[in-house]
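# A look at the structure
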Amino acid sequence: MQRLCDSIRVAAIFAPGAGIRPVWFEWRRQKHAVTRLSYSWQDSLGGATRLHFAVCDDSNIYELMYDTSDQNWTLMGVEEQ
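Residues numbered from 1 in each chain as written. Predicted model: local features only at pLDDT ≥ 70, side-chain atom pairs only at ≥ 80, totals over all residues. Heavy atoms only, no water.

## Digging into the packing of aromatic side chains
Just so we agree on the cut-off: Pairs were defined over the aromatic rings of Phe, Tyr and Trp, the Trp ring being its six-membered one, requiring ring centres within 6.5 Å. Orientation was assigned from the angle between planes: stacked under 30 degrees, edge-to-face over 60, tilted for the rest. Only protein chains enter the accessibility calculation, which uses a 1.4 Å probe. A residue is then buried if its area is under 20% of the maximum for its type, exposed if over 50%, and partly exposed in between. Cation placement over rings: the criterion is NZ of Lys or CZ of Arg within 6 Å of the ring centroid and within 35° of the ring normal.
Taken as a whole and assessed by the stated rule, the structure comprises six aromatic pairs. Centre to centre, the rings of Y66 and W73 are 4.9 Å apart; their planes meet at 40°, and the pair counts as tilted. You'll find Y66 and W73 in the same group, each marked buried. An aromatic cluster is defined as three or more aromatic residues linked by ring pairs; in this entry it consists of F14, F53, Y66 and W73. Sitting above the plane of the W24 ring, K31 keeps its charged end 4.3 Å from the centroid.

Written as structure tokens, this is what we have:
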């Protein structure tokens, strides 16, 4: 997986009791529809909780990270198929 640390725009559903689910994200001026959520986990850095999502579009796997302290999304990595 190619490691990155790019700020991105994400559309996500925040559902009561179901957590957060990314729907699409923009990276390098291209919109990527999330077709599958493969895995999610959380960690912390300092006092901030960070939510990680392994998602797929039609061709690649991406790791998205949501930082709950500043409410920003970051593309942490991509594995091109």
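## So, the sheet that holds strand β4 (residues 36-45)
Strand pairing within a sheet occurs via backbone hydrogen bonds; the two strands may be parallel or antiparallel. Under the convention used in this document: One requirement defines pairing of two strands: DSSP has to find at least two bridges between them. Where helices and strands are cited, they refer to DSSP runs of H or I of at least four residues and of E of at least two residues respectively, numbered from the N terminus. The axes used here are C-alpha line fits, helices contributing only the stretch in contact, and every angle between their N-to-C directions lies in the interval 0 to 180 degrees.
If you trace the seven strands from one edge of the open sheet to the other, you get β3-β2-β1-β7-β6-β5-β4, paired in antiparallel fashion. Looking at which strands have only one partner, the edges of the open sheet turn out to be β3 (30-33) and β4. Each neighbouring strand pair of the sheet contributes to a mean axis angle of 35°, computed without reference to strand direction. Summarising the sheet, strand β6 (residues 60-67) and strand β7 (residues 72-80) pair through eight bridges and their orientation is antiparallel.

## Some points on the environment of M1
To keep things clear, this is the line we draw: By definition in these notes, contact holds between two residues if any of their heavy atoms fall within 4.5 Å.
Relative to the helices and strands, M1 resides in the segment before β1 (2-15). Taking C-alpha positions, M1 is 8.8 Å from Y62, a pair spaced 61 residues apart along the chain. Once residues lying within four places of it in the same chain are set aside, the contact partners of M1 are I61, E63, G77, V78 and E79.

## Structural notes on the pairing of β7
In this sheet, β7 lies alongside β1 in antiparallel orientation, the contact comprising five bridges. Bridging from a neighbouring strand, Q2 pairs with V78 of β7. Hairpin connection from β6 to β7: four residues lie between these consecutive antiparallel strands, with Q71 at a positive phi of about 60°.

## What to know about the nonpolar core
Under the convention used in this document: Put simply, buried Ala, Val, Leu, Ile, Met, Phe, Trp, Tyr and Cys residues joined by side-chain atoms within 4.5 Å make one nonpolar core.
With 16 residues, the main nonpolar core has I8, F25, W27, F53, Y62, L64 and W73 as its most contacted residues. Sorting the residues of this core by element identifies β1, β2 (19-27), β5 (48-56), β6 and β7 as the ones contributing at least two each. Sequence-distant contacts of Y62, that is, excluding residues within four places in its chain, are made with F25, W27, H32, F53, A54, V55, D57, L75, G77 and V78.

## What to know about the side chain of R50
Tracing the backbone through its elements, the reader meets R50 in strand β5. When residues no more than four places from it in sequence are discounted, the contact partners of R50 are W41, Q42, D43, L45, M65, Y66 and D67.

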